[in-house]
Amino acid sequence: MRVEHEEEGCRCLCATNPDISYRQDTETAATVGSTGTATMTLAFSCLTLALFLLLHSCHIPSVCGHKSALTVVENTEKRGDEEEQVKVEDDDGDFTVVQPAEQWQTLKPGQAVPTGSHVRMNLQTGQREVRLGEEQLKYWTQEHREREETLSTFNPEELKQTMKKIREDLNPVSKDDQDSVASKYRPLEELKRDMAQLDLLVETDVQIIRRLLDQFNSSNSTTDQKLNILQELEYLVHQVDNGQTLCLMGGLQFVLEGLNSSDIRLQESSAFVLGSALSSNPAVQVKAMESGAMQTLLTKLATGQPFQVKKKVLFAVASLLRHFPYAQQHFLTHGGLQVLSELFRADRGGVLRTRIVTILYDMISEKELISQSGLDQVLDASHKERVRQYSKVSLQGELLEKGWCSLVPQLLESTEHDYREKALRALLAMVPMCLDQYRSDSSLLVSLLYLRDQYQEMVKSEMILGEENDYFAEIVELIDALQVKIK
């Protein structure tokens, strides 16, 4: 059975019956009663009594002054487990939405409630009452209340005005508006012309090097300007092509002239540019040898130059000698090892000593590797030529003659781990030519024993701390290998 109830204020009294509670949702306002035939009969009797009292209290419809009606409708599709339903319908077009609370509140005629609210009819007062439903009580927040309050303020007229404004916003702008917008932007053709002009201002590396060399050679350039130019050149010549471009434009000669400058800053910067251009660049190495760079560099090392200048000059010498047997031979024949030995003895800080020992180690290792690879039966013509050139580098005799077998062990006295490591590698590489001197050098043997104990303790400390740094263990291996070769 279903009861449909429409009202706008007519009061119905039933003092003897309990309140009829129901829930309003999108399909039905509430569900009451229970299943079974007996329950249905009892509900029908109660509703019939309520209908009788309602008609008796109102007498005539006009007296109530409303278009309310209480109708009992048989549900023809009722199933055995279907409950009786009470549905509230309101025909008014304009209505206000009441925001339920946790407590019951009375509904006025024409008021509606949100979906899911708990609505009941109080038969004692004849008025509808509403409160929050169970789900609303769980999830109803202040944010929901504010949104619902905002929505409840809209009426059909306001909605119409809002839709009208949306349609107006979608309409295309007028001709005047288009002109005003176009005036704020530049034409596309004008932008293209400007971009074309910008492209003309973009310089390639070749153009930059040319411009820098012209400025460097200009008589109007100050020392500070030349220093800035050399700094920019040093950044550019790290690339192989730019280093070769510097040589083709005659820039290498300007750099060598800077080495002979009276200004210490220009000497240091010029040596830095030269070393960067020579690094891993055979074409520049050949051009530098043809330009007399080796003699200039050795002269700077042999004369009383400041520490920072000699440091950069050693960098240039190492870059010129690396993988270039012709330059190594020229270096030896022009007293290069003698110059380095004097510089080694004069240096007490260890920085120049370490760079010198590294140069010697590289020269020895290169010659050894080439000699070993020369034993192969299948070699191309270029490799055979390199083997021939390295065979002319008489490095062993020069090292013995200039006393390097006793000089390199002095670097072990340094407290820097890096210096010691480079010294140990150089000593191992020099074993074939210095073995007798090593065995007779008691200070070297004592130093090796002391260093092994020291680094062995460091390795144990690392193991206790759980560190996975194998650097100290590698130094211990170098010491062990050298001791084995000496014994």
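Throughout, a residue's number is its position along its own chain's written sequence, starting from 1. It should be noted that, the model being predicted, local features are given only for residues of pLDDT at least 70 and side-chain atom pairs only at 80 or more, the latter also being counted only at that level, while totals for whole chains, interfaces and linings use all residues. Each side-chain value is derived from all of the structure's non-hydrogen atoms; neither hydrogens nor water enter the calculation.

How do you make sense of helix H13 (residues 282-290) when you look at a structure like this?
One turn of an α-helix holds 3.6 residues; hence residues three or four places apart share an orientation. Relative accessibility decides the category of a residue: with a 1.4 Å probe and only protein chains considered, values under 20% of the type maximum give buried, values over 50% give exposed, and everything between is partly exposed. Each helix is a run of DSSP H or I of at least 4 residues and each strand a run of E of at least 2, with the numbering of both proceeding from the N terminus. Considered for burial, the residues of H13 that qualify are Val284, Gln285, Ala288 and Met289. All buried residues of H13 lie within an arc of 135 degrees about the axis, which places them on one face of the element. Pairs of residues are marked as contacts when any of their non-hydrogen atoms sit within 4.5 Å. Along its buried surface, H13 packs onto helix H10 (240-248), helix H11 (251-259), helix H12 (264-278), helix H14 (293-302), helix H15 (307-321) and helix H16 (325-333). Positive phi shows up at Gly292, right after H13, with a value of about 80 degrees. In this description, the arc belongs to the directions extending from the helix axis to the C-beta atoms.

Explain the environment of Pro114 here, please?
You can see Pro114 is positioned in the loop between strand S8 (111-112) and strand S9 (118-122). Along the chain, Pro114 and Pro100 lie 14 residues apart, while their C-alpha atoms are 8.0 Å from each other.

Mind showing me how you'd approach the state of the cysteines here?
Joining two cysteines, a disulfide is a covalent bond between their sulfur atoms. Cysteine sulfur pairs qualify as disulfides if the two atoms are within 2.5 Å. Evaluated as defined, the whole model comprises 1 disulfide. Sulfur-sulfur distance for the disulfide between Cys405 and Cys434 comes to 1.8 Å. Between Cys405 and Cys434, the S-S torsion sits near -65 degrees, and that sign places the bridge as left-handed. Of this pair, Cys405 sits in helix H21 (residues 404-407) while Cys434 sits in helix H23 (residues 431-440), and the two are 29 residues apart along the sequence. Looking at Cys405, the relative accessible area reads 5%, which means it is buried. When its relative accessible area of 0% is taken as the criterion, Cys434 is described as buried.

So what exactly am I meant to see when it comes to the packing of helix H22 (residues 417-429) against helix H25 (residues 471-486) here?
For helices, the axis comes from a line fit to the C-alpha atoms of the stretch in contact; other axes are also lines fit to C-alpha atoms, and the angle between any two N-to-C directions lies between 0 and 180 degrees. Two elements in contact, H22 and H25, have axes whose closest approach is 10 Å; the angle formed by their N-to-C orientations is 30 degrees. When the axes of H22 and H25 are compared, the pair comes out roughly parallel. Remark: the crossing between H22 and H25 carries left-handed chirality. Here His417, Asp418, Glu421, Leu424, Arg425, Leu427 and Leu428 of H22 come into contact with H25, specifically with Tyr471, Phe472, Glu474, Ile475, Leu478, Ile479, Ala481, Leu482 and Lys485. Partitioned by chemical class, the residues of the contact of H22 with H25 number 10 nonpolar, 1 polar and 5 charged. Here is the rule for angles: anything less than 35 degrees is roughly parallel, anything more than 145 is roughly antiparallel, 65 through 115 is roughly perpendicular, and the remaining ranges are oblique. Left-handed describes a crossing whose near helix is turned anticlockwise from the far helix through less than a right angle; right-handed describes the clockwise counterpart. The classification used treats Ala, Val, Leu, Ile, Met, Phe, Trp, Tyr, Cys and Pro as nonpolar, Asp, Glu, Lys and Arg as charged, and all other residues, Gly among them, as polar.

Mind showing me how you'd approach the environment of Ala271 here?
Within the secondary structure layout, Ala271 lies in helix H12. Sequence-wise, Ala271 and Phe315 are 44 residues apart; in three dimensions their C-alpha atoms are separated by 7.9 Å. Residues in contact with Ala271, not counting those within four places in the same chain, are Leu259, Lys312, Val313 and Ala316.

Just to check I follow, could you spell out the environment of Lys487 for this structure?
Here Lys487 lies in the segment after H25. For the pair Lys487 and Leu435, spaced 52 residues apart in the sequence, the C-alpha separation amounts to 9.6 Å.

Looking at this structure, how should I read the pairing of S9?
Two faces make up the sheet, and in a regular strand the side chains alternate between them. With 5 of 5 residues buried, S9 is to be regarded as a mostly interior element. Side chains of S9 alternate between two faces, with His118, Arg120 and Asn122 and Val119 and Met121 buried alike. Here a strand pair is declared whenever DSSP counts at least two bridges between the two strands. In the sheet, S9 pairs with strand S10 (residues 127-131) via 5 bridges, with the strands oriented antiparallel. Residue pairing in the sheet places His118 in a bridge with Arg131 of S10. Between S9 and S10, which pair antiparallel one after the other, the connecting turn spans 4 residues, and Gly126 there sits at a positive phi close to 80 degrees.

Would you explain the pattern of salt bridges in this entry?
Opposite charge on two side chains permits them to pair, given that their charged atoms come into close proximity. For this document, the term salt bridge refers to a Lys or Arg side-chain nitrogen within 4 Å of an Asp or Glu carboxyl oxygen. Taken as a whole and judged by the stated rule, the model has 13 salt bridges. Among the salt bridges present, the one from Arg210 reaches Asp214, with a minimum N-O distance of 3.8 Å. Here Arg210 and its partner Asp214 are both found in helix H8 (residues 205-217), 4 residues apart, which amounts to about one turn of the helix. Overlapping salt bridges, with partners in common, bring together Asp224, Asp263 and Arg265 in one network.

I tried to follow the packing of H14 against H16 on my own but got confused; where do I start?
Packed helices, taken two at a time, are described by their axes: the angle between them and the distance between them. Closest axis-to-axis distance for the H14/H16 pair is 11 Å, and the angle between their directions is 45 degrees. Looking at the two axes, H14 sits oblique to H16. Crossing of H14 over H16 shows right-handed handedness. For the pair formed by H14 and H16, the contact residues are Met294, Gln295 and Leu298 on the first element and Ala327, His330 and Phe331 on the second. Tallied by class, the residues present in the contact of H14 with H16 amount to 4 nonpolar, 2 polar and no charged.

Explain the packing of aromatic side chains here, please?
Two aromatic rings, taken as a pair, are described by how far apart their centres are and by the angle between their planes. Ring geometry is summarised as follows: Phe, Tyr and Trp rings, the Trp one being its six-membered ring, pair when their centres sit within 6.5 Å, and such pairs are stacked at plane angles under 30 degrees, edge-to-face over 60 and tilted between the two. For the coordinates displayed, the defined rule picks out 6 aromatic pairs. Between Tyr471 and Phe472, the aromatic rings sit 5.8 Å apart at their centres with planes inclined by 55 degrees, giving tilted as the arrangement. Connected via pairs of aromatic rings, a cluster forms that spans Tyr455, Tyr471 and Phe472. Just above the ring of Trp104 sits the side chain of Arg120; from NZ or CZ to the centre is 4.1 Å. Between the NZ or CZ atom of Lys312 and the centre of the ring of Phe272, over which it lies, the distance is 5.3 Å. Sitting over a ring, as applied to charges here, requires NZ of Lys or CZ of Arg to be within 6 Å of the ring centre and within 35 degrees of the ring normal.

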